[in-house]
Amino acid sequence: MSFPKAGFEAELIQPCDNESQQNVSEKKGTANDQKDMLRMGKQQELRRNFGLVSIFGYSMILMATWENTLTTLFIPLTNGGPGGAIVMFLVTAVGMGLVVVSMAEMASMAPTSGGQYHWVSEFAPPKHQQFISYLVGWLCVLGWQTGVASLAFLSGGQIQGLIILNNPSYIPERWHGTLLIIAVATFSIIFNTLLARKLPLVEGIVLVLHIFGFFAVLVTMWILAPRTPANEVFAAFQDNAGWGSIGLSVLLGQLAPIFTLLGSDAATHMSEELQDASYTLPRAMIWTAITNSALGFVMLVTFMICLGDVESVITTPTAQPHIQVLYNATQSVAGATVLSVVIVIMAIFGCVNMVATCSRQLYAFARDNGLPFSKFLARVSPGWDLPLNSTFVTFGITVALSLINIGSTVAFNTIASMGTAAILSSYAISISCMFLKRWRKEELLPSKFALGRCGIWVNGMAVLWLINAIIFAFFPTYPHPTPDLFNWNILIYGVVVSVSLAYFYARARKVYVGPVQYLNKGA
């Protein structure tokens with residue numbers, strides 16, 4: 001497969017020599033994998049059964065950009081309108097593109113399940129590496145663990161929307177949503193335990209559904225849906241939330257594309273299960289970003305042109321704007337249901353992949369003694385070659401969070417959506433460390449994907465965009481919100497960070513030294 005240089009200087013090295021190609025095994029990987037693990041001072045415990053196609057499918061399904069673009073339509077329609085949605089998707093795609101290539105370079109240098117907190121440990125100034133990498137590790141734990149509950153809730157909401165479409169008398173209750181979250185999480189746990197060795201094969205199959213589902217929805221919309229003139233779509237910048245400023249409203253609308261394009265580090269946390277990871281991983285990350293961004297943009301423009309009356313779509317009884325748009329286009333409950341079921345299936349398998357990523361990140365951080373009960377969480381069960389303890393703890397956290405929904409959906413959404421700011425923060429800190437290293441003209445690790453002389457500009461612009469994204473992640477959806485509509489993310493984010501820091505000074509600083517201390521510098 002050829003690889004685009006995308007405007008920067010790329011140093012492409014062949015994936016592995018003949019000797020390494022002849023010594024590929026699921027248990028140890030290639031000779032390059034073994035060399036990377038030796039340098040990082042890590043023991044190979046997980047089975048390397050992912051290749052380029054399966055890890056590409058894994059990332060594509062977890063991000064599921066075109067599907068999530070539809071399920072988050074409410075945000076840009078409320079803030080920015082159709083024109084604002086299209087503009088901010090393009091801006092976000094460019095911003096996240098800079099982030100992805102920055103992280104792809106770091107992933108090639110240090111392909112480990114730890115991801116961001118490991119990179120910070122290696123690239124941050126030595127006197128600060130312990131504290132900063134520990135903080136980033138906790139941010140990743142926070143972001144990914146709440147992400148499972150968020151995606152399971154999103155899947156459950158779509159299922160409830162389909163029930164309403166087929167049975168308008170159905171009245172959804174909060175406990176219904178909680179049961180659906182637990183059901184989706186249970187399905188995901190089964191796949192990540194009993195069927196774990198089939199996961200790479202499943203990724204390829206579901207990837208086919210991802211692509212064919214895209215064309216099924218797209219063609220249906222273009223053939224059956226009414227059209228809005230292009231000038232009324234691309235020039236339709238609206239402030240339906242009442243901010244009093246169309247510019248601010250448009251900027252707030254970027255929360256939707258941020259969510260749909262988030263998760264580019266997911267494949268990184270599976271790198272110890274990927275063959276020839278230092279070569280394959282960065283390419284899979286970048287191809288995923290390019291492909292998903294293109295599919296998402298085409299689907300977004302299609303839906304905005306075929307949207308019809310915005311008010312009726314926002315106030316749909318299904319609470320799912322995309323289901324209402326599909327029904328308006330097909331004028332058939334059965335037709336809208338079939339198309340929507342494809343989107344639901346993709347959301348559920350996205351949750352399957354989310355559990356895999358969460359458990360590996362939790363396992364990696366515990367392996368470096370960054371968490372309470374680290375020895376328990378870092379255990380890899382013999383014969384399974386999986387961090388089962390971390391997997392079941394992830395399930396337990398999801399179930400516990402789902403119970404909050406019974407008391408308050410607002411409280412649950414606040415906690416579940418908090419992961420966006422946490423993940424964005426981990427991106428910003430890790431890329432800032434690379435930027436600082438380049439600024440100081442310090443030597444970088446060898447890489448099979450390098451940004452070269454453009455690296456400092458790419459890293460710098462990525463950090464600036466991430467700062468913007470983090471700021472808006474803490475904004476409420478509506479101006480002058482009542483307590484039940486306020487965005488409490490900043491409060492809970494601060495509490496979790498404070499708890500992690502308290503644990504650091506009480507215990508973790510005595511046992512957590514940071515991955516850089518385990519490096520075998522002679523390897």
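Residues numbered from 1 in each chain as written. Predicted model: local features only at pLDDT ≥ 70, side-chain atom pairs only at ≥ 80, totals over all residues. Heavy atoms only, no water.

Packing of helix H8 (residues 129–166) against helix H19 (residues 388–407) brings their axes to within 9 Å, and their N-to-C directions diverge by 55 degrees. Classed by the angle they form, the pair H8 and H19 counts as oblique. For H8 against H19, the interelement crossing comes out right-handed. On H19, the residues touching Gln145, Thr146, Val148, Ala149 and Phe153 of H8 are Thr394, Ile397, Thr398, Leu401 and Asn405. The residue makeup of the contact of H8 with H19, split by class, is five nonpolar, five polar and no charged. (Axes fitted to C-alpha atoms, helices over the stretch in contact; angles between N-to-C directions. Helix = DSSP H or I, 4+ residues; strand = E, 2+ residues; numbered from the N terminus. Parallel < 35°, antiparallel > 145°, perpendicular 65-115°, else oblique. Left-handed = near helix turned anticlockwise from the far one by under 90°. Contact = heavy atoms within 4.5 Å. Nonpolar A, V, L, I, M, F, W, Y, C, P; charged D, E, K, R; others polar.)

Now for unusual backbone geometry. Located in the positive-phi region is Ala319, a residue other than glycine, with phi close to 65 degrees. Tracing the chain through its elements places Ala319 in the loop between helix H15 (310–314) and helix H16 (321–330). Notably, Phe373 is not glycine yet its phi reads approximately 60 degrees, a positive angle. For Phe373, the location among the structural elements is in the loop between helix H17 (333–367) and helix H18 (374–377). In this structure Phe373 comes out as exposed when scored by relative accessible area, which is 69%. (Buried < 20%, exposed > 50% of the residue type's maximum accessible area, 1.4 Å probe, protein only.)

When pLDDT is averaged along the protein, the result is 87, and 94% of the positions lie at 70 or above. For the stretch residues 1–23, pLDDT sits under 50, and the model shows 46 contacts to residues farther than four places along the chain or on other chains. (pLDDT = per-residue confidence, 0-100.)

Now for the packing of aromatic side chains. Taken as a whole and judged by the stated rule, the model has 19 aromatic pairs. Each ring, one from Phe214 and one from Phe215, has its centre 5.1 Å from the other, and the planes form 80 degrees; the classification is edge-to-face. According to the relative accessible area criterion, Phe214 is buried, its value standing at 4%. Their ring planes at 75 degrees and their centres at 5.4 Å tell us that Phe474 and Tyr493 sit as a pair that is edge-to-face. Here the residue Phe474 occupies a position in the loop between helix H21 (455–473) and helix H22 (489–511), and Tyr493 occupies one in helix H22, the gap between them amounting to 19 residues. Each member of the pair, Phe474 as well as Tyr493, carries the same accessibility label: buried. Three or more aromatic residues joined by ring pairs form one cluster here, namely Tyr117, Phe131, Tyr134, Trp138, Phe365, Phe504, Tyr505 and Tyr512. The side chain of Arg283 reaches across the aromatic face of Tyr279, ending 4.0 Å from its centre. (Phe/Tyr/Trp six-rings, centres within 6.5 Å; stacked < 30°, edge-to-face > 60°. Lys NZ or Arg CZ within 6 Å of the ring centre and 35° of its normal.)

Another point: the side chain of Ser293. Position of Ser293 relative to the elements: it lies in helix H14 (residues 277–305). Other than its neighbours up to four places away in sequence, Ser293 contacts Phe89, Ala93, Leu261 and Thr288.

Topologically, Ser271 is positioned in the loop between helix H13 (255–260) and H14. Judged by its relative accessible area of 0%, Ser271 falls in the buried class. Look past the residues within four positions of Ser271 in its chain and what remains in contact with it is Arg48, Pro111, Thr112, Ser113, Ala277 and Leu281. A polar atom in the side chain of Ser271 sits 3.5 Å from the backbone oxygen of Pro111. Reaching out from Ser271, the side chain makes a polar contact with the backbone nitrogen of Thr112 at a distance of 3.1 Å. (Polar contact = N/O pair within 3.5 Å; in protein donor to acceptor, adjacent residues only side chain to side chain.)

Within this structure, the stated rule accounts for eleven salt bridges. The partner of Arg47 in a salt bridge is Asp385, and the shortest N-O contact between them spans 2.4 Å. Highlighted residues: Arg47 in the loop between helix H2 (31–40) and helix H3 (52–63) and Asp385 in the loop between H18 and H19, separated in sequence by 338 residues. As far as the burial class goes, Arg47 and Asp385 line up, both buried. A salt bridge links Asp276 to Lys448; its shortest N-O distance comes to 3.9 Å. (Salt bridge = Lys/Arg side-chain N within 4 Å of Asp/Glu carboxyl O.)

Next up on the list: the packing of helix H6 (residues 81–109) against H21. Packing of H6 against H21 brings their axes to within 8 Å, and their N-to-C directions diverge by 130 degrees. Relative to H21, H6 is oriented oblique. The handedness of the crossing between H6 and H21 is left-handed. Residues Val91, Thr92, Gly95, Met96, Leu98, Val99, Val101 and Ser102 of H6 touch H21, and the partners they reach there are Val458, Asn459, Met461, Ala462, Trp465 and Leu466.

Below, the discussion takes up the environment of Phe123. Mapping Phe123 onto the fold places it in helix H7 (residues 116–123). Apart from residues no more than four positions distant in its own chain, Phe123 is found in contact with Met106, Met109, Cys433, Met434, Lys437 and Leu445.

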